Amino acid sequence: MTDLAHIRSDFPILQEEMNGHPLIYLDSAATSQKPTAVIDAISGFYQKTNANVHRGAYTLSDTATDLYEEARARVAGFINADRREVAFNRGTTSALNQVAYGWGLNNLEPGDKVLLSLMEHHANIVPWQLVSRHTGAELIYAPYTDSYALDVDALESLLDENVKVVSITAMSNVLGTINPIRHIADAAHRAGALMVVDAAQAVPHMTVDVKQMDADFLAFSGHKMLGPTGIGVLYGKLDLLEAMEPAEGGGEMISDVQLDSSTWAEVPHKFEAGTPPIAEAIGLGAAVEYLEKLGMEAVRSHEIDLTAYALDRLGAIQDLTIYGPTDVETRGGAVAFTLADIHPHDIATILDQQGIAIRAGHHCARPLARSLKAPATARASFYVYNIRSDVDALVDGLEKAREIFGVA
Amino acid sequence: MSLNELYREVILDHYRAPRHHNHLDSPDGSAQGNNPLCGDEVTIELNLNGDRVSDVAAIGVGCSISQASASMMSEAVFGKTREEIDELVRKFKVMMAIEESAEEVVDPDRPGSALGDLEALQGVRKFPVRIKCADLPWITLEQALESAE
Ligand SMILES: Cc1ncc(COP(=O)(O)O)c(C=O)c1O
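Residues numbered from 1 in each chain as written. Chains lettered and ligands numbered in written order. Predicted model: local features only at pLDDT ≥ 70, side-chain atom pairs only at ≥ 80, totals over all residues. Heavy atoms only, no water.

K.L.:
Run through the pairing of strand 5 (residues 113–117) of chain A, naming residues and quoting values.
P.N.:
Residue and element names in this part refer to chain A. With five of five residues buried, strand 5 lies mostly within the body of the structure. Side chains Lys-113, Leu-115 and Ser-117 project from strand 5 onto one buried face, and the interleaved Val-114 and Leu-116 project onto a second face that is buried too. As judged from the five bridges shared by strand 5 and strand 6 (residues 138–142), these two strands associate in the parallel manner. From the neighbouring strand, Lys-113 faces strand 6, where its bridge partner is Glu-138. At this point the chain moves from strand 5, through helix 4 (residues 126–135), to the parallel strand 6, and the crossover so formed is right-handed. By the bridge criterion, three bridges tie strand 5 to strand 7 (residues 163–169) in an arrangement that is parallel. Pairing of Lys-113 across the sheet is with Val-163, part of strand 7. (Buried < 20%, exposed > 50% of the residue type's maximum accessible area, 1.4 Å probe, protein only. Helix = DSSP H or I, 4+ residues; strand = E, 2+ residues; numbered from the N terminus. Pairing = 2+ DSSP bridges. Right-handed = clockwise from strand over helix to strand, strands pointing away.)

Below, the structure is given as structure tokens:
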């Protein structure tokens, strides 16, 4: 185990109170907190180097462009990609929409299938639904097993020659399940399908190597990995990005514009229409630098330790049900649960009054929630700045919930 | 502590043993409400005898506040005329600070005088994120009444 307790002072918000109690933040799967290094990178950019990128004929704009492109290079290195393979956008949602509209809309036909899983976030379902309305492609879903692992056998049996895209989350934001992407990618490629990876939860919490995964496209968000909101990444293999149509048009993404047609800029710029989120990209670069300093191995082992402790302590609470794998090696630090007949929303309110932030509801994964027969769950999720005493506070808070609801 | 004001005994009682919780055979009006943020769902069905609600059902899944509010509401509207219900809805919304009014609906010296059990929900006012839970059945009731017209 690697103890990261010393880094808590890097996160100013952890000094705040909520409802008169020290803030205990257990909702990092929704969004992470930001270290001073990231906050400073953003405000420093606005104070000293703010200008638009790729268009100025003056030094300040050159500097801004350099910083923006340096951030891209750093992010690319972080996932073992080439910088031309990393397009910035607003986040995972917008990256997945880019693939669905850019690739899907232009390549899918009636009779084609898009293979998803039952544990997908709405961001990896709805764009495909929208595009299938135009293309006539069908969406099919791989189930999960009784132990909350993706049912890879079932997935492979669904994988016939009509499947053109397999789009799967690398780590479930509800169950915590880590999916064997490389294995699925190999199967997808054998069947002639593209492998798209929703890595919104994976990139922040474990080493992600796009080459090792053999992902064709991969999407993630800055704000879940210590970076700011409003910035995300679409990774794509170079040849695929070069062949793919942009989903958005506008300034910055063109090579030439005629009255009735245009040609596109080089990748990745053709996927970055309009003024990009410049400060946010630089903030994300700083977040990646921070994570690299911690080391992703250390991040992962810290979370394994914390998750094991949480599963242990939560598991000891009577009438508490955990929805997710029990083996910490196969899961991340998002722990979904229910407690007796206390609705998760009520659990969240009771914890909130004790300064503890968790999420309650369907976590933007309604098909999963329905299949769990738990329309709503409570979810605690951990990151680098959480410590064991956060888990202890959660457990005490849940005891309080039992008391208020008179659960014997 | 304010949590005890929120989770009053009556609220937990209505949550655990909701009243009017069986579907009606062929309701004159019905509506379904849900809160996509937290997943609360409520179905309201009603029969009208002239201007009067002669039967009502409030069925749903969700948090204690939304489900208790639905259950208490079903008791409160049972047997009431449209006009009486309009007044009830108005008083409820004022109590919950959903509608503005100079009037204090709830008389602390005579608890229950205006809204009965429903007054137990006034603690929700201190929890702004939960007000929409309490309000969901009421929005749905208005839709069910409209559908019966
Ligand atoms: C697995 C997963 N996919 C996609 C998203 C969407 O990310 P964003 O809202 O940053 O676009 C999230 C986060 O909410 C997520 O957890």
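From this point, things continue past the structure.
K.L.:
Residues and numbers for the site of the ligand, please.
P.N.:
All names here are of chain A. Looking at the ligand, the residues that line it are Thr-92, Thr-93, His-121, Ala-123, Thr-169, Asn-173, Asp-198, Ala-200, Gln-201, Ser-221, His-223 and Lys-224. Across the complex, the protein chains shield 86% of the 390 Å² of accessible surface that the ligand would expose by itself. For the shell around the ligand, the residue count by class is two nonpolar, eight polar and two charged. (Near = heavy atom within 4 Å. Areas by Shrake-Rupley, 256 points an atom, 1.4 Å probe, with all protein chains shown as cover. Nonpolar A, V, L, I, M, F, W, Y, C, P; charged D, E, K, R; others polar.)

K.L.:
Explain the sheet that holds strand 8 (residues 194–198) of chain A residue by residue, including any values.
P.N.:
All names here are of chain A. Spatially, the seven strands line up as an open sheet ordered 4-10-9-8-7-5-6, and their pairing is mixed. Looking along the sheet, the strands with just one partner apiece sit at the ends: strand 4 (86–89) and strand 6. Ignoring strand direction, the axes of neighbouring strands in this sheet form an average angle of 20°. Set on the sheet, helix 6 (residues 181–190) makes contact with strand 7 and strand 8; between it and strand 8 the angle comes to about 155°. (Axes fitted to C-alpha atoms, helices over the stretch in contact; angles between N-to-C directions. Contact = heavy atoms within 4.5 Å.)

K.L.:
How would you summarise the sheet that holds strand 13 (residues 320–323) of chain A if you had to cite specific residues and measurements?
P.N.:
Residues and elements named next belong to chain A. Strand order in the open sheet formed by four strands is 13-14-17-16, and the pairing between neighbours is antiparallel. Looking along the sheet, the strands with just one partner apiece sit at the ends: strand 13 and strand 16 (359–361). With direction set aside, neighbouring strand axes in the sheet form an average angle of 30°. Sheet contacts for helix 12 (residues 344–352): strand 14 (334–339), strand 16 and strand 17 (377–381); angle to strand 16, the most-contacted strand, approximately 160°.

K.L.:
Give a detailed account of the nonpolar core, specifying residues and quantitative values.
P.N.:
Among the nonpolar cores identified, the biggest contains 83 residues, and Ile-79, Val-166, Leu-218 and Val-384 of chain A are the most heavily contacted of them. Split by domain, this core shows at least three residues from each of two domains, domain 1 (5–30 + 295–404) and domain 2 (39–292) of chain A. For Ile-79 of chain A, the contacting residues outside a window of four places in its chain are Val-86, Val-203, Val-208, Asp-209, Val-210, Phe-220 and Tyr-235 of chain A. In terms of nonpolar packing, the next biggest core, distinct from the first, is built from 78 residues, Met-72, Val-89, Met-96 and Leu-141 of chain B among them. (Core = buried A, V, L, I, M, F, W, Y, C linked by side-chain atoms within 4.5 Å. Domains from an automatic or database assignment.)

K.L.:
Tell me about the environment of Val-86 of chain A, residues and numbers included.
P.N.:
All names here are of chain A. Mapped onto the elements of the fold, Val-86 is located in strand 4. Accessibility expressed as a relative area gives 0% for Val-86, which makes it buried. Val-86 sits 24 residues away from Asp-62 along the chain, and the two C-alpha atoms are 20 Å apart. In this view, Val-86 contacts Arg-72, Val-75, Ala-76, Ile-79, Ala-81, Val-233, Leu-234, Pro-268 and Glu-272; residues no more than four positions away in its chain are not counted.

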